[in-house]
Amino acid sequence: MKTIALLGSTGSIGVRTLALVAQFPERFQAVALAAGSNLELLACQVAAFHPELVSVATPELARTLAADPRMRGTEIVWGADGALAVASHGKADVVVSAIVGAAGLRPTLAAVLAGKQVALANKEALVVGGELITAAARQRGVSLMPVDSEHSALFQCLRCLDGRPRGELRRVIITASGGPFFKLPADKLRDVTVAQALRHPTWKMGSKITVDSATLMNKGLEVIEARWLFDLSPAQVDILVHPQSIVHALVELVDGSIIAHLAVADMGIPIAYALSFPERLGLAQPGPLSLAECGQLSFERPDFERFPCPRLAYEALKAGGTMPACLNAANEESVQGFLAGAARFVDIPVLVEKVMERHVNRPARALEDLLEVDGWARRATREAIERAPAVISTAGARAALAGDRHA
Ligand SMILES: NC(=O)c1ccc[n+]([C@@H]2O[C@H](COP(=O)([O-])OP(=O)(O)OC[C@H]3O[C@@H](n4cnc5c(N)ncnc54)[C@H](OP(=O)(O)O)[C@@H]3O)[C@@H](O)[C@H]2O)c1
């Protein structure tokens, strides 16, 4: 029996994780759940899984939840400290890290520091604090099991190198569906609506990652995630657009061989593998992959002109230090601005680039450095959106966005 603390239980990954717990009650037990503000779903989860501890975003939410009769016997905590308590729950063997955004950084680090095995979906934690988290994991002998489908695929492909010198690896390739706008001409991207951006062609996910998939920032974040999870150089991580989302990652070896991982696009597969490794569970869903029905698998290079976000992520990764934290925070706030109707789809990369240009990069020595830069980049992005509402990607507005450098 593996006991699980689940960060982000009410999200897309969280719900999928609990479906696996329900399917395999003899293998998994949920002992602690952390959510944000979706009280109704959390209360249903408590009624179904009886965790000892739950966390919500605020004390007000905690008070409301406490009045729910379904909460009898479950301790309720709140806020950032509440999520930390879930992440380091004494009875948890494994922590599934599936809070969205940099809000997952501290709980993920807390899980590692508490010596928990971590099943990592929250890629932003590694984008912001990859060096810190992986160093702590090495020190504590903690494994970081990838949940992201591309990284789970890479993890499996890279096992062909087990015991072999690392020099036999040439590069890795992660695939991108391309999102809903991959074939849209540049001038049409200006008019993209929130509803269109949230209609992903192959994956059903939370709204932030769905917009990231449409801008291709998701792939940029995944390049940084791969760098840290597998100790690769930025030049060793490539991206290919693969609209069918069947091949999730490929590993190229020095003799020219390429090892690929194929599966139906269903997050249940990588979540189950992260929880059951090295065993494989017999999953009822999504059923076997029929390559005959797929017919064709196609691949093409991403277009960094129309979709500049991955280029910005590579630049942040190469710069190192606090720059990836700056990229991530500017992206989170820009996406938020787009979802709220305050910025356009095409403004997202412009805002991120402008904020990165203003950031004076420095070594990321401690968590505090990263949190300080995260806070500054969020404020800078919000101010930029307020200063140049909904016209940010025009030349005049770009000039208006230039501000003081962040030292
Ligand atoms: N969805 C996928 O298929 C997928 C695939 C690969 C990787 N990922 C990664 O997994 C993470 C989660 O993605 P998702 O699609 O599941 O997101 P989501 O559906 O938006 O869910 C986000 C979860 O985080 C919780 N949350 C948000 N802010 C919080 C805070 N400050 N404190 C505590 N909880 C907070 C939300 O709670 P409430 O809803 O209760 O407010 C919700 O449970 C992201 O990093 C994403 O990149 C997702």
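Per-chain numbering applies: the sequence of each chain, read as written, is numbered from 1 onward. For a predicted model such as this one, the threshold for reporting local features is a pLDDT of at least 70, and the threshold for listing and counting side-chain atom pairs is 80 or more; totals across whole chains, interfaces and linings nevertheless cover every residue.

Caption draft 1: Seen up close, the overall build of the protein. Looking only at helices and strands, the protein has 18 helices and 11 strands in total. Radius of gyration means the value over C-alpha atoms here, while the globule rule gives 2.2 Å times the residue count to the 0.38 power. In terms of overall size, the protein behaves like a compact globule, its C-alpha atoms giving a radius of gyration of 21 Å where 407 residues would be expected to give roughly 22 Å. Along the first, second and third principal axes, the C-alpha atoms of the protein reach 60 × 55 × 40 Å. Put simply, a residue is buried when 20 or more other C-beta atoms lie within 10 Å of its own C-beta and exposed when 12 or fewer do; between those, it is partly exposed, and each C-beta is set from the backbone. In the protein, which comprises 407 residues, the proportion classed as buried is 47%. Of all intrachain contacts in the protein linking residues separated by at least 6 positions in sequence, the fraction that spans at least 24 positions is 69%. Only DSSP runs of H or I reaching four residues or more are called helices, and only runs of E reaching two or more are called strands; each is numbered from the N terminus. Here contacts are defined at the residue level, using C-beta atoms placed from the backbone and a cut-off of 7 Å between them.

Caption draft 2: Fine view of the site of the ligand. Near residues are defined by distance alone, with the backbone-placed C-beta atom required to lie within 6 Å of the molecule or strand. Neighbouring residues of the ligand: 29 residues in total, closest Gly11, Gly36, Asn38, Met205 and Gly206. Looking at the shell around the ligand, the element that brings in the most residues is helix H1 (residues 12-23), giving 3 residues. Classification convention: Asp, Glu, Lys, Arg as charged; Ala, Val, Leu, Ile, Met, Phe, Trp, Tyr, Cys, Pro as nonpolar; all other residues, Gly among them, as polar. The residue inventory of the shell around the ligand, partitioned by class, reads 14 nonpolar, 11 polar and 4 charged. Throughout, the edges of the domains are those of an automatic or database domain assignment. Looking at which domains feed residues into the shell around the ligand, each of domain 1 (2-146) and domain 2 (152-294) supplies at least three.

Caption draft 3: Spatial organisation of the sheet that holds strand S11 (residues 258-262). Should DSSP find at least two bridges between two strands, the strands are taken to pair. Strand order in the open sheet formed by 4 strands is S9-S8-S10-S11, and the pairing between neighbours is mixed. Bordering the open sheet on either side are strand S9 (237-241) and S11, each of which pairs with just one other strand. Each adjacent strand pair in this sheet contributes to an overall mean axis angle of 20°, direction not counted. Judged from the 5 bridges that link them, strand S10 (residues 247-253) and S11 form a sheet pairing that is antiparallel. Bridge assignment links Leu250 to a residue of S11, and that residue is Ala260. In this description, a line fitted to the C-alpha atoms serves as the axis of each element, helices being fitted only across the stretch in contact, and the angle between N-to-C directions of two axes falls anywhere from 0 to 180 degrees.

Caption draft 4: Local environment of the pairing of strand S3 (residues 53-56). By the alternation rule, side chains of S3 split into Leu53 and Ser55 and Val54 and Val56, which are all buried. As paired elements, strand S2 (residues 28-34) and S3 share 3 bridges and run parallel to each other. Each residue of the ladder has a partner; that of Ala32, found in S3, is Leu53. Whether a crossover is right-handed depends on one test, that the path from the first strand over the helix to the second runs clockwise when the strands point away from the viewer. Handedness of the S2-helix H2 (residues 39-49)-S3 crossover: right-handed. In this sheet, strand S4 (residues 75-78) lies alongside S3 in parallel orientation, the contact comprising 4 bridges. Residue pairing across strands places Leu53 opposite Glu75, the latter belonging to S4. For the crossover from S3 across helix H3 (residues 59-66) to S4, the handedness is right-handed.

Caption draft 5: Just the packing of helix H15 (residues 323-339) against helix H16 (residues 347-358), in detail. Contact geometry for H15 and H16: axes closest at 9 Å, N-to-C directions at 145°. Seen along the crossing, H15 lies across H16 with a hand that is right-handed. Contacts between H15 and H16 pair Met323, Cys326, Leu327, Ala330, Asn331, Ser334, Val335 and Phe338 from the former with Asp347, Ile348, Leu351, Val352, Val355 and Met356 from the latter. When its residues are assigned to classes, the contact of H15 with H16 shows 11 nonpolar, 2 polar and 1 charged. What makes a crossing left-handed is the near helix being turned counterclockwise from the far one by less than a right angle; a clockwise turn instead makes it right-handed.

Caption draft 6: Examining the domain arrangement of the protein more closely. Taken domain by domain, the protein holds domain 1 (2-146), domain 2 (152-294) and domain 3 (320-401). Each of domain 1 and domain 2 has a C-alpha centre, and the two are 24 Å apart. Tallying the contact residues gives 22 residues for domain 1 and 21 residues for domain 2. At the level of elements, H1, helix H6 (123-140) and strand S7 (144-146) are the ones that each hand at least two residues to the side of domain 1 that touches domain 2. In terms of residues, the side of domain 1 that touches domain 2 owes the most to one element, H6, which gives 6 residues.

Caption draft 7: Examining helix H10 (residues 207-215) more closely. By the criterion of burial, H10 is predominantly enclosed, with 7 of the 9 residues buried. Turning to H10, its buried residues are Ile209, Thr210, Val211, Asp212, Ser213, Ala214 and Thr215. Contact partners of the buried residues in H10: helix H9 (194-197), helix H11 (217-230), helix H14 (309-319), H15 and H16. Phi turns positive, to about 70°, at Leu216, one or two residues after H10.

Caption draft 8: Summary view of the nonpolar core. For the purposes of this analysis, a nonpolar core is taken to be any set of buried Ala, Val, Leu, Ile, Met, Phe, Trp, Tyr and Cys residues that are connected through C-beta atoms within 7 Å. Within the largest apolar cluster, 120 residues are counted, with the highest numbers of intra-cluster contacts made by Leu7, Val86, Ala313 and Cys326. Take this core: its biggest share by element is 8 residues, from H15.

Caption draft 9: Representation of unusual backbone geometry. A cis geometry characterises the amide bond from Phe277 onward to Pro278, with omega recorded as 5°. Examined against the element boundaries, Pro278 turns out to sit in the loop between helix H12 (268-276) and helix H13 (291-294). For the bond running from Gln285 to Pro286, omega is 5°, close enough to zero to count as cis. Checked against the element boundaries, Pro286 lands in the loop between H12 and H13. At Leu216, a position not held by glycine, the phi torsion is positive, near 70°. Not every positive phi belongs to a glycine, and Asp231 is a case in point at roughly 55°.

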